[in-house]
Amino acid sequence: ADWHARMQRSQHFAIALASLGHRCFYLNPHLGREFPQPYPLSRRAMISRLLPQVFELHVHLPREPVYHHRPLTAAESASVVSAIERTFKLARSANPIILASLPFWAPVARELKLRHGYRVIYDCHDLWSGFGRMHPAILSAETEMFTLSDAVVFSARWLMEQKRALHPELQFKSATVRNAVQPEDFDFMNRRQAARRKTIGYAGSLDFWFDVDTVRFAAERLPEWDFVMFGRVEGKEIQQLRELPNVRLMGEVAYASLRKYFASIDVCMIPFRLSPLTLATNPLKLYEYFACGHPVVSSPLPEVLEFGDLVYVAREPKEFLAQLEAAIAENDPHLRPRRRRLAEQETWIARGKALESHFQSDSPSASHMIDTPHALAG
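Anyway, here's the lowdown on the structure attached to this text. (Residues numbered from 1 in each chain as written. Predicted model: local features only at pLDDT ≥ 70, side-chain atom pairs only at ≥ 80, totals over all residues. Heavy atoms only, no water.)

Here the focus is the pairing of strand β9 (residues 226-230). Two faces belong to every sheet, and in a regular strand the side chains alternate between them. Taken across its five residues, β9 has five buried, putting it largely inside the fold. Burial along β9 is two-sided: the face carrying D226, V228 and F230 and the face carrying F227 and M229 are both buried. After leaving strand β8 (residues 199-203), the chain enters helix α6 (residues 212-221) and then returns to the sheet as β9, a path that is right-handed. Two strands pair when backbone bridges link them, and β9 and strand β10 (residues 247-251) are joined in this way by four bridges, in the parallel orientation. Along β10, the bridge assignment pairs V228 with R248. (Buried < 20%, exposed > 50% of the residue type's maximum accessible area, 1.4 Å probe, protein only. Helix = DSSP H or I, 4+ residues; strand = E, 2+ residues; numbered from the N terminus. Right-handed = clockwise from strand over helix to strand, strands pointing away. Pairing = 2+ DSSP bridges.)

Here the focus is the sheet that holds strand β12 (residues 296-298). Read across the open sheet, the six strands follow the order β10-β9-β8-β11-β12-β13; overall the sheet is parallel. Each having just a single partner strand, β10 and β13 (311-313) make up the two edges of the open sheet. Strand-to-strand twist in this sheet, taken as the mean axis angle between neighbours without regard to direction, amounts to 25°. Bridge count for strand β11 (residues 267-270) against β12 is three bridges, and the pairing is parallel. Following the sheet pairing, C268 is matched in β12 by V296. Across the sheet, α6 lies against β9, β10 and β11, angled at about 145° from β9, the strand it touches most. (Axes fitted to C-alpha atoms, helices over the stretch in contact; angles between N-to-C directions. Contact = heavy atoms within 4.5 Å.)

Moving on, we get to the nonpolar core. Ranked by internal contacts, the top residues of the largest apolar core, which has 99 residues, are W105, F210, F227, M229 and L324. Residues within four places of M229 in sequence aside, it is in contact with Y202, L206, F210, V215, L241, V247, R248, L249, M250, G251 and M269. Within the second largest apolar cluster, 20 residues are counted, among which are Y26, L99, A151 and A180. (Core = buried A, V, L, I, M, F, W, Y, C linked by side-chain atoms within 4.5 Å.)

A separate point is the environment of C124. You can see C124 is positioned in strand β5 (residues 119-124). Between the C-alpha atoms of C124 and S101, which are 23 residues apart in sequence, the distance is 6.3 Å. Beyond its immediate sequence surroundings of up to four residues, C124 is in contact with E142, V152, V153, F154, S155 and L159.

Take the pattern of salt bridges next. Two side chains carrying opposite charge are able to pair once their charged atoms lie near each other. Taken as a whole, this structure holds 24 salt bridges when the rule is applied. Notably, a salt bridge pairs E220 with R216, separated by 3.1 Å at the nearest N-O pair. Within this pair, E220 and its partner R216 are both found in helix α6, separated by four residues, close to a single helical turn. E220 sits in the partly exposed class, given a relative accessible area of 41%. (Salt bridge = Lys/Arg side-chain N within 4 Å of Asp/Glu carboxyl O.)

Once that is clear, we can look at the side chain of T199. Inspection of the secondary structure assignment puts T199 in strand β8. The buried category is assigned to T199, whose relative accessible area is 2%. In terms of polar contacts, T199 uses its side chain to reach the backbone carbonyl oxygen of R197, at 3.3 Å. (Polar contact = N/O pair within 3.5 Å; in protein donor to acceptor, adjacent residues only side chain to side chain.)

For the rest of this paragraph, the subject is unusual backbone geometry. In this structure, Q53 is a non-glycine residue whose phi angle is positive, near 70°. You can see Q53 is positioned in the loop between β2 (46-51) and β3 (54-59). Judged by relative accessible area, Q53 falls into the partly exposed class, the value being 33%. The phi dihedral of N95 is positive, around 50°, even though this residue is not glycine. On the secondary structure map, N95 appears in the loop between α2 (74-91) and β4 (97-100). Its relative accessible area of 32% is what places N95 among the partly exposed residues.

Moving on: the side chain of R70. Take R70: it is sitting in the loop between β3 and α2. Residue R70 is classed as buried on the basis of its relative accessible area, which comes to 13%. Looking at R70, its side chain comes within polar contact range of the side chain of E76, at 2.9 Å.

Our next topic: the environment of E325. Relative to the helices and strands, E325 is located in helix α11 (residues 317-328). Its relative accessible area of 39% is what places E325 among the partly exposed residues. Taking the C-alpha atoms as reference points, E325 and L222, 103 residues apart in sequence, are found 9.4 Å from one another. Contacts of E325, omitting those with residues within four sequence positions, involve L222 and W225.

All chains considered together, the criterion is met by 19 aromatic pairs. Measuring from centroid to centroid gives 5.0 Å for W3 and Y26, while their planes differ by 85°, and the two rings are edge-to-face. Residue W3 is located in the segment before α1 (9-19), and its partner Y26 is located in strand β1 (residues 24-29); the two are separated by 23 residues in the primary sequence. Here W3 and Y26 have matching classes, each one buried. Seen from their ring centres, F104 and W105 are 4.9 Å apart, and the 90° between their planes marks the pair as edge-to-face. (Phe/Tyr/Trp six-rings, centres within 6.5 Å; stacked < 30°, edge-to-face > 60°.)

Here's what the structure looks like:
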């Protein structure tokens with residue numbers, strides 16, 4: 001995940017771990033398309049300071065790979081390994097930890113572990129085969145990532161159980177570390193005007209897993225309500241929603257702006273088509289919705305069902321419509337503060353501490369990890 005493109009799990013982990021006293025080096029190959037003010041083409045790696053204790057390591061690769069198009073070549077892996085080694089030497093890091101967020105990084109993690117005995121943690125936060133556009137070699141690299149990692153954390157229980165069934169060796173070195181929220185980044189008090197039209201909101205990627213038919217059904221039958229979606233449109237099918245006068249596709253918005261937009265929303269939604277990909281999903285947006293106290297109408301995803309009456313669940317378009325109306329009419333004064341209190345417990349700092357528990361090991365090469373720097377490959 002490019003640090004500057006979209007605020008995702010890897011960035012949140014880096015910020016949380018830095019807050020816990022760790023020094024984080026966030027690996028970001030030179031993406032001339034996305035990060036601000038790309039430096040001139042050069043074979044030099046560059047380190048920039050993003051936040052206190054968080055540094056971005058740019059490694060320029062002449063033929064920049066898009067992470068899902070192809071694996072790294074041997075030469076590219078060697079360049080990345082060399083840049084990381086030089087960074088740790090310059091930073092005087094002792095016993096660094098490699099936290100990899102994609103199987104794409106398997107050859108880099110393997111080489112660093114073989115050379116230096118670094119502890120490797122794989123953060124498995126998606127069912128990569130569910131996307132359909134991931135290069136087969138990257139998918140197969142996940143098996144190697146499972147094998148070489150000292151610990152594997154999963155963002156969802158369903159995902160962990162599926163992978164454990166296929167890879168029994170994960171049984172004793174894996175755990176669930178779900179997504180979370182930084183609650184102070186969101187406003188609990190709704191600032192919308194009572195006279196305004198009712199607004200249903202969604203924040204996140206808009207791709208093939210988004211249930212266009214269900215949202216169209218609801219928007220057509222509730223023409224007096226607005227349906228506002230924040231996120232990059234990545235699936236062609238999404239464009240048909242532009243035909244509806246009460247649907248607005250707002251495009252990608254900065255993470256810092258979400259609190260402003262969420263404050264004027266009545267109900268949030270997670271209308272996902274059910275598939276192995278979405279069954280394996282722990283929606284980050286759900287925790288952000290809870291931080292605002294908003295009612296949430298969602299498809300019956302396993303991770304959403306865990307929250308019981310805090311979420312309105314719908315299995316088909318008519319039920320989704322009915323649940324939207326029920327959510328708008330919500331009159332239980334205890335539900336909003338309950339959602340906010342839950343968000344105040346399900347924080348990225350708490351998740352950072354859970355991840356931190358995997359920094360220690362009985363092996364000599366990985367001892368005393370908890371107070372040492374580590375790198376994140378986004």
